[in-house]
Each structure stands twice: as C-alpha cells, then as structure tokens.
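Commentary on secondary and tertiary structure
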Amino acid sequence: EGEGGGGAEGGAGAGGGGRGGGGGDGAAMAASSPRVDFFSAVVSDLAEAQDVAAGTSSYSAHVRSCARALDAAGAHGASALVLLDEPGASTEPAEGAAVAQALIEELLARGARLVATTHASPLKLLALRDTRLQVAAMQRRRVDRRNGPGAAKLPTYSMLLGAVGGSYALDAAAREGLPEALLARARGLLPDAEGDADDGDADADAAGGGRSGP
C-alpha cells in the first residue's frame, strides 16, 4: 500500500510513460485515448506473502491485503486504486471465487478503481454481467505442436478489450514437457465445458481476431 501513483480508467488498463524532462521512452499506453489519474491510496495484492514463522498462510496473507483495500476504498473512494492478481486463489476454488466476487462488489460499491486478473470463471462471468466492469483477455494463437497430437495456443501478448479467454493449463503443461499419456488422462478428467466463461474470443484464429470494445 502506498501513496500517489497513476492508473487507468475502468477495469482494464496499464501504466505508461513517454518523453519529457530528459527521460527516455516509456511504455505505450494500452488505450486509444489514454487518461492518467492520480490516487491518494494504492493497494496491491500481487505476490506470495506466506509467512510460516508467523503462522500466515498464502490465503490469509491475501485476505489481509483485501482488508487493507477495503479500508482504502472506504476512506478515499474514487481516489483509491486497488490492484488484485488472482483474487480468491490459494484456497478451495469455489469458496475463494465467492469471497473474491463479494470483495470486488464491495470495492466497487465504495467507489474504488479496480484492476483484477483472474482464471476463475465466476469472476469472468461477473465482469461480463456488471456494467461497472470492463473485461479483457490476452490473445492466443493456435499453432501445431512439434511433439504430440493436436495444436497448442501460444500467447501473442496482445490485449483484447471485451474478450474473454481461457486458461490453457493443458497447453502450458504440454509446453513444459509433461508426458502425453498424463495429459490425455487430464483431458479425460475435465468436466464438460458448459458454463465456462471462455467464449473463444481471445483466439487469434477466430473471425475478426476477437471482439474489441465493451
């Protein structure tokens, strides 16, 4: 948690920079019409904070960050920026996603600006339903695997506003060399895709390369 800083409007954005004051080139803003705001409080939950000596589990550490975010949102409203990486992780998935959704709803109710990343389908669906949120996904491109059947989806490092993507855990496992027999077993254990928030819009090979805009 800190003071000052900058951010981006809505539920998806990126920091940026540029020329000026003798400085070098900065990173391009991920927006067609960029706007940089300044915040009285910035709270982030971005890294592993487990402390065995203090009896703090990974999830407990995340929850403490969430409590600080709620305090900042209550005190500063729209002048508070909250950055959450995988809210609800490190615990039972359904319960973690439920807590994360309730947290996001409360942060928005208190007026905070929020940027969150997630693999959890319930949170993707929330972003699709709630008009206060803007959803985005990182684009993937389908390529043939050199070893093993089928195709893999590799990142293009392009962000698509308005698109929802999958997590591609099996593709990542294949790239890292897990045996194909193990991956085949994993595919057989997967439930039906019904109800998943992945609509394929982050697939670079889909018509139009994905949906842009809200």
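1. A closer look at the overall build of the chain
- Tallying secondary structure elements over the chain gives five helices and seven strands in all.
- The order of α-helices and β-strands along the chain, N terminus first, is β-β-β-α-β-α-β-α-β-β-α-α.
- Split into buried and exposed, the 214 residues of the chain put 29% on the buried side.
- Accessible surface, the chain as shown: approximately 12,400 Å² in total, 53% of it carbon and sulfur.

2. Brief notes about the pairing of strand S3 (residues 41–45)
- Across the five residues of S3, four count as buried, placing the element largely inside the fold.
- Of the pairings in the sheet, the one linking S3 to strand S4 (residues 80–85) comprises five bridges and is parallel in character. The partner of Val42 across the bridge, within S4, is Leu81.

3. Regarding the pattern of salt bridges
- A complete count under the given rule lists five salt bridges for this structure.
- The partner of Asp130 in a salt bridge is Arg132, and the shortest N-O contact between them spans 2.8 Å.
- Assessed through its relative accessible area of 14%, Asp130 is described here as buried.
- Between Glu180 and Arg187 there is a salt bridge, with its nearest N and O atoms 2.9 Å apart.
- Ionic contacts of the salt-bridge type, sharing partners, join the residues Arg35, Asp37 and Arg113 into one network.

4. So, the confidence of the model for the chain
- With 68% of its residues at a pLDDT of at least 70, the chain reaches an overall mean of 77.
- Counted against residues more than four places away or in other chains, residues 1–23, with its pLDDT under 50, gives 50 contacts.
- Counting contacts from residues 207–214, a segment whose pLDDT is below 50, to residues more than four positions away or on other chains yields 19 contacts.

5. Section: the environment of Leu83
- Within the secondary structure, Leu83 is located in strand S4.
- Residue classification places Leu83 among the partly exposed residues on the basis of a relative accessible area of 23%.
- Once the C-alpha coordinates of Leu83 and Ser44 are considered, the two residues, 39 residues apart in sequence, prove to be 4.5 Å apart.

6. Comments concerning the packing of helix H1 (residues 58–76) against helix H2 (residues 93–109)
- In the contact formed by H1 and H2, the axes pass within 10 Å of each other and the chain directions differ by 15°. Classified by the interaxial angle, the pair formed by H1 and H2 is roughly parallel. At the point where H1 passes H2, the crossing takes the left-handed sense. Where H1 approaches H2, its residues Tyr59, Cys66, Ala69, Leu70 and Ala73 are matched on the opposing element by Val99, Leu103, Glu106 and Leu107.

7. Examining the sheet that holds S3
- Across the sheet, three strands lie side by side as S3-S4-S5; this open sheet has parallel pairing. The sheet is open, and its two borders are formed by S3 and strand S5 (113–117), each paired with just one other strand. For this sheet the average axis-to-axis angle between neighbouring strands, irrespective of direction, equals 10°.
- Where S4 meets S5, five bridges bridge the pair, whose relative direction is parallel.

8. Considerations on the environment of Ala173
- For Ala173, the position within the fold is in helix H4 (residues 169–175).
- The sequence separation of Ala173 and Leu183 amounts to 10 residues, and the corresponding C-alpha distance is 7.8 Å.
- Residues in contact with Ala173, not counting those within four places in the same chain, are Leu178 and Leu183.

9. Comments concerning the side chain of Gln139
- Within the secondary structure, Gln139 sits in strand S6 (residues 136–144).
- Owing to a relative accessible area of 10%, Gln139 belongs among the buried residues under this scheme.
- A distance of 2.9 Å separates the side chain of Gln139 from the side chain of Thr156, its partner in a polar contact.

10. Regarding H2
- Between its first and last C-alpha, H2 extends 24 Å over 17 residues, near the 24 Å set by a 1.5 Å rise per residue.
- Contacts from the buried residues of H2 go to H1, S4, S5 and helix H3 (121–129).
- At the N-terminal boundary of H2, the capping side chain belongs to Glu92, with an oxygen 3.1 Å from the backbone nitrogen of Ala94.
- Immediately downstream of H2, the backbone of Gly111 shows phi near 90°, a positive value.

Cut-offs used in this document
- Residues numbered from 1 in each chain as written.
- Predicted model: local features only at pLDDT ≥ 70, side-chain atom pairs only at ≥ 80, totals over all residues.
- Heavy atoms only, no water.
- Helix = DSSP H or I, 4+ residues; strand = E, 2+ residues; numbered from the N terminus.
- Buried < 20%, exposed > 50% of the residue type's maximum accessible area, 1.4 Å probe, protein only.
- Areas by Shrake-Rupley, 256 points an atom, 1.4 Å probe, with all protein chains shown as cover.
- Pairing = 2+ DSSP bridges.
- Salt bridge = Lys/Arg side-chain N within 4 Å of Asp/Glu carboxyl O.
- pLDDT = per-residue confidence, 0-100.
- Contact = heavy atoms within 4.5 Å.
- Axes fitted to C-alpha atoms, helices over the stretch in contact; angles between N-to-C directions.
- Parallel < 35°, antiparallel > 145°, perpendicular 65-115°, else oblique.
- Left-handed = near helix turned anticlockwise from the far one by under 90°.
- Polar contact = N/O pair within 3.5 Å; in protein donor to acceptor, adjacent residues only side chain to side chain.
- Expected span 1.5 Å × (residues − 1).

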